[in-house]
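# What the coordinates show
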Amino acid sequence: MSRALSLALLLALSAPAFGQTVDSQGAKQLSDNLARYIGRAAIDEGILKVSVDGDAYRIGFDFGALLKKNHSNDPLTFNLEPFALLVRPRSDGTWSLSSDITPDAFLDVGGPGGARLSVSGATFSAVYDPALVAFTSGASSIADTKLVSRDPKDPVDLSIGAFTSSLNASKAAAGGIDFTMNQTAADFVEHFTYDADEIGVKVPGTLSSPKVSAEISGKGVHSKALLELLDFALANRDDASLKIKQGELKKLLTNALPLWDRLEESYRFHGFTGESPVGKFTVADLSARTGIDGISKNGKVDYTIKMAGLTLPERSLPSWSVALLPTDAELQSAASTSTSTASQGKQSRPLILPRIHLCPMNLAKPWPPISWPRPPRSCLTIVQSRTTASKSLWKAR
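A brief look at the structure comes next. (Residues numbered from 1 in each chain as written. Predicted model: local features only at pLDDT ≥ 70, side-chain atom pairs only at ≥ 80, totals over all residues. Heavy atoms only, no water.)

### Some words on the overall build of the protein
Keep this limit in mind: Counting from the N terminus, the helices are DSSP H or I runs at least four residues long and the strands are E runs at least two residues long. Any two residues whose heavy atoms approach within 4.5 Å at even a single point are treated as in contact. Reported accessibility uses the Shrake-Rupley method at a 1.4 Å probe radius. Residues are deemed covered only where the shown protein chains occlude them.
For the protein, the count of helices and strands is eight helices and 19 strands. Long-range contacts, defined here as pairs at least 24 residues apart, represent 58% of the contacts in the protein between residues at least 6 apart. Carbon and sulfur atoms form 59% of the exposed surface of the protein, whose accessible area is close to 22,800 Å².

Here it is, written out as structure tokens:
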């Protein structure tokens, strides 16, 4: 529902700010625009309400009214104050949005497999530009988040400390928008129990990281064309309407291609620890990056996974095998998304097969037996690439 509301709000604000005058007529117009995408019932039943609040429109979302419509047999308990978003028209035709989402809230789902989600100290602010059909800036934060699952088979206790997110976007040189979003979360801790049915054993474990960060960026994202396509989909949800408007749909799809020039996302654990009955596993740095081109003739998808500073508990492995395990590793791969390949009815094949970089562990103790020579501290890079003869190339350094 939250995603649907966010998309509906983008569509409702896609017209320039209503003459920069905040009044009851503007509130009605904004309410009618939202009703088009989320349904008139949400307005009539008080789930969503738009009103004038000084120099802004207050969009109130009553979680209680929504949750009371819950048809599940599991009882719900919640402390969710009505969410209020203040939307102000700006002199340049953009909109400013702000909200203290809620100081302290929780949602508790009863029953044997229930869960509780609690959030405290959440805030949000942003500027939305109808001309670009995008948020040009934004910031949000959450002081604390907790999730407790009481599932008897797989219970989970998850907590995240301070979370922050920032967004910046601007007009791209060749059309569309370029954007960057940065997110950080502190003190990630997850306690869980793995239920191994086949042997009838429950294994407890803990995953933790002092800091988790993410960066998501886009180049040449066709935000306006994508929102027009979404608007069409919401207005033509039945099959009969889609059949009649095939020409319009084709035109909108053509305008939206290639969707974007490039999208990239990366996630990083700045220290990662896993605790189990056999001991503690640690990684000094763990990261993953994925990139995807838009739908084009020479498009591709690629990813990289990196690990540095791996340590394992001594009793988890025989001592002679310690020197064979890597402390550092890197895996790279890519695959084609070429439209020419698809149009010819051919199956997409990898452009670049995995590239693996491994560094063996440093030995804290002599490698047994003592008379054997200690293996050198060197790194191995394995590169497997497609050649005309379909051979593999392996090299070490």
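### Examining the nonpolar core
Taken as a class, soluble globular proteins show a tendency for nonpolar side chains to be buried jointly. Counted only if it meets this: Among buried residues, those of type Ala, Val, Leu, Ile, Met, Phe, Trp, Tyr and Cys that are joined through side-chain atoms within 4.5 Å constitute a nonpolar core. The buried label goes to any residue with under 20% of its type's maximum accessible area, the exposed label to any with over 50%, and the partly exposed label to all in between, with areas taken from a 1.4 Å probe on protein chains only.
One finds L30 and I59 to be the most contacted residues of the largest nonpolar core, which totals 25 residues. At the level of elements, α2 (24-38), α3 (40-44), β1 (48-53), β2 (56-61), β4 (83-89) and β5 (95-109) are the ones that each hand at least two residues to this core. The next biggest cluster of nonpolar side chains, apart from the first, holds eleven residues, and it includes L167, A225, A256 and W260.

### Here we look at the pairing of strand β16 (residues 300-311)
For clarity, the cut-off: Pairing between strands is defined by DSSP: at least two bridges between them are needed.
Direction of pairing for strand β15 (residues 279-293) relative to β16: antiparallel, over a ladder of ten bridges. Each bridged residue has a counterpart across the sheet, and for V283 the counterpart in β16 is L310. Where β15 folds back on β16, the antiparallel hairpin that results is connected by six residues. Bridge count between β16 and strand β17 (residues 326-336): eight bridges; the pairing is antiparallel. In the strand pairing of β17, D302 is matched with A334.

### Considering the side chain of D129
To be explicit about the condition: Neither His nor the chain ends contribute to the count of charged residues, in which Lys and Arg are positive and Asp and Glu negative. Between Lys or Arg on one side and Asp or Glu on the other, a salt bridge is scored when a side-chain nitrogen of the former is within 4 Å of a carboxyl oxygen of the latter.
Counting through the fold element by element, D129 comes out in strand β6 (residues 115-129). The side chain of D129 sits in the buried core without any salt bridge; R90 is the nearest counter-charge, 8.8 Å away.

### Looking at unusual backbone geometry
With an omega of 5 degrees, the peptide bond running from L257 to P258 counts as cis. With respect to the secondary-structure elements, P258 resides in the loop between α7 (246-256) and β13 (262-269). Positive phi outside glycine occurs at D187, with the angle close to 55 degrees. For D187, the location among the structural elements is in strand β11 (residues 177-196). Look at D187 and you get partly exposed, because its relative accessible area is 48%. Positioned with a positive phi, L259 is a non-glycine residue whose angle comes to about 75 degrees.

### Points about the pattern of salt bridges
Scanning the model with the defined rule gives 13 salt bridges in all. Linking D32 and R40 is a salt bridge whose minimum nitrogen-to-oxygen distance equals 2.9 Å. Residue R268 is joined to D285 by a salt bridge in which the shortest nitrogen-to-oxygen separation is 2.5 Å. One end of the pair, R268, is in strand β13; the other, D285, is in strand β15, with 17 residues separating them in the sequence. Accessibility expressed as a relative area gives 36% for R268, which makes it partly exposed. Here the salt bridges share partners, and the residues they tie into one network are R262, E264, R289, D293, K300 and D302.

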